[in-house]
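# Residue-level structural notes
Spelled out from the first residue to the last, the chains are:
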Amino acid sequence: MFRLMLVLALAQDPTPESVKSQIDELRPAKLAWADIAWKTCPLEAMAEARRSKRPIITWVFLGNPGDERC
Amino acid sequence: MRRVNDGFVALALKATLVNGVMRTDDAEEAELYARLKRCMLAPQGIGVLNGSGQVLAWVQMFDDQKQIAAFLDHAVALKPGITERYMSFPRNRMDDRDVDPPAAPAESHAKGARCPARAAAKGATAKGGVTARLYGRALDAHGKPVADTVRQEHYVQDQFSISRELQAAIAMSLEIGRLPEDFGRLVATHAHLGHIDVRPLMEPNVGKLERADFKATKSGDAWRLDGTTEVASKQRINGSGEHIVKLTWTGFATFDGGRMTRLVLHARGTERLLFENGSRGPEAARLPGGRGIDQEGGVRYGIVGEPVSDENAVEGAGESIQEKMKRLGPAIERRRNAGRDMQPVGRLLEKFEPHMKEGRFKEAEAILDEALKLLDEEGSKVEKVESKVKWLGSLDAAKRDGRPVMYFLMLGDLDDPSC
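Residue numbers restart at each chain and count upward from 1, following the sequence in its written direction. Working convention: letters from A go to chains and numbers from 1 go to ligands, in the order in which they are written. pLDDT decides what is reported in this predicted model: residues at 70 or higher carry local features, side-chain atom pairs at 80 or more are listed and counted, and totals for whole chains, interfaces and linings draw on all residues regardless.

### Examining the overall build of chain A
Inclusion rule: Counting from the N terminus, the helices are DSSP H or I runs at least four residues long and the strands are E runs at least two residues long. Put plainly, a residue is buried at 20 or more neighbouring C-beta atoms within 10 Å of its own, exposed at 12 or fewer, and partly exposed in between, counting only other residues' C-beta atoms, which are placed from the backbone.
Looking only at helices and strands, chain A has three helices and one strand in total. Order of helices (α) and strands (β) in chain A, N terminus to C terminus: α-α-α-β. Here chain A, with 70 residues, has 33% of them falling under the buried criterion.

### Re the overall build of chain B
Rule in force here: Here contacts are defined at the residue level, using C-beta atoms placed from the backbone and a cut-off of 7 Å between them.
Regarding its fold elements, chain B presents 11 helices and 13 strands. Split into buried and exposed, the 419 residues of chain B put 35% on the buried side. Taking the contacts inside chain B whose residues are at least 6 apart along the sequence as the reference set, 64% of them involve residues at least 24 apart.

### Digging into the interface of chain B and chain A
We apply this condition: Here a strand pair is declared whenever DSSP counts at least two bridges between the two strands.
Listed per partner, the contact involves 63 residues of chain B and 43 residues of chain A. Among the elements that line the side of chain B that touches chain A, the one with the most residues is strand β1 (residues 9-14) of chain B, at six residues. Pairing geometry for strand β1 (residues 56-61) of chain A and β1 of chain B, over six bridges, is parallel. Bridging across to β1 of chain B, W59 of chain A finds its partner in A12 of chain B.

### Some remarks on the nonpolar core
Applied cut-off: Put simply, a nonpolar core is a cluster of buried Ala, Val, Leu, Ile, Met, Phe, Trp, Tyr and Cys residues tied together by C-beta atoms within 7 Å. Annotation comment: domain bounds sourced from an automatic or database domain assignment.
I56 of chain A together with L263 of chain B are the most contacted members of the largest nonpolar core, which totals 91 residues. Both domain 1 (2-116) and domain 2 (122-307) of chain B contribute no fewer than three residues apiece to this core. V345, A371, L372 and L375 of chain B belong to the second-largest nonpolar core, a separate cluster that totals seven residues.

### What about the sheet that holds strand β9 (residues 206-219) of chain B?
Residues and elements named next belong to chain B. To keep things clear, this is the line we draw: Lines fitted to C-alpha atoms define the axes here, with helix axes fitted over just the stretch in contact, and angles between the N-to-C directions of these axes take values from 0 to 180 degrees.
On the basis of which strands lie adjacent, the open sheet formed by seven strands has the order β8-β7-β13-β12-β11-β10-β9 and antiparallel pairing. Taken across any chain shown, the strands that pair with only one partner, and hence form the sheet edges, are β8 (155-162) and β9. Adjacent strand axes in the sheet meet at a mean angle of 15 degrees, parallel and antiparallel pairs treated alike. Inspection of the sheet shows strand β7 (residues 130-138) paired to strand β13 (residues 293-307) by nine bridges, in the antiparallel sense. Considered in β13, the bridge of Y135 is made with G302.

### Some details on the confidence of the model for chain B
Residues and elements named next belong to chain B. Put simply, the rule is: Confidence scores labelled pLDDT are given residue by residue by the predictor and lie between 0 and 100.
Across chain B, the average pLDDT comes to 84, with 85% of residues at 70 or higher. Taken as a whole, residues 405-419 scores under 50 in pLDDT and shows 12 contacts with residues more than four places along the chain or in a different chain. At the level of chain-chain contacts, confidence expressed as ipTM amounts to 0.78, with global pTM at 0.72.

### Things to note about the environment of L174 of chain B
All names here are of chain B. Looking at the element boundaries, L174 is found in the loop between α6 (164-173) and α7 (181-190). What makes L174 partly exposed here is the crowd of 16 C-beta atoms within 10 Å. On a C-alpha basis, the gap between L174 and K218 in space is 8.3 Å, while along the polypeptide they are 44 residues apart.

In structure tokens, the structure reads:
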């Protein structure tokens, strides 16, 4: 039913909402690398490491694992 | 994934910040980056630190896939004192680094202070900019998105900024109905599959923007955008191959004066991506260079843009060290072509590289500023002399032609508009 509505919507002139729906379709429900609880603030990471007595593993790269390609 | 979450605190850091290409105005972060930089074997890689920010290990790649888990086991047992460094874990170990224990770091940034690293991770958008998030999927033979979303040649997400200046230029062009090419270029730069090295419009890849036409028509409160972009490039970064992306875009943008308040764009098209780097063996053993890709087919892209909040805006996103270095080359060339003494600049720049290698970016940038000031001053002196020579030349010409000459007696300088 949802697909039928989507097809009908797409057959008409696009609207900001229909374009946004098409974009949302591209986003997967689950991303493997997003399962890691990445922090991006170094001070927060160090404080958490001291509290939990765990080392920090840091990935230094051009993008960021949440939103950017590497 | 569970292993990393259970045994470690995971921290993602932007290489541009750690390597000093982007500035950080936070002393604690700068100190941590300097410590990392002293231990890194390349500008990107994986490090292990303790809660004080002492670097315990640095690794570029792994002998094979199994060694990733072995490294995690090894890393949780590391003790402070030295930094173990591996080009490839465990067989290719490089010289260790002796490290002094750092001072106890702060629990958090001062109240009300921004975290530069967090802001950079959210897109490095300067105040007033729009952060654009891009999603791209390869399509299968039936036109459906390929199910795999791990490999970047199948699924990609990325983000980029639309500057205030470009927003203003777009806003001004709306009534004319044709958007500036820079907008199409920006969109075409980021809409591609694969890792960052295969970006078609990134040098030294030899890319050409074949087409970037966007037209705008009023649609209620928004502007409807329709466009076509085409890029074609030969790969030159860490391999060879070709990359051709042809897309047809439809979307909407809203504006408040010269500022974009929302952007949604969707594209369909085709993409040919061939990347060959002769790599063989396990992927974990060739992390920096990437793997070969050979695919061609349908693609879809989506872009959602929203103004960056003040909290997430990057301050000092003006001229970076990298941009200053780009300015340095032509300035040196000008001085050399003018036959001037290169030694003062050379002596200054000799001090630059050691600072960069040791992660002392403030000191490195200060030297760069001094060199540019010296070169700019020289440049402006030359321009002033040239302008005076031109002026005197025009007086001579006037006298020769028998035209009257009006003289000005003044306190200031001809170059000074306030004179």
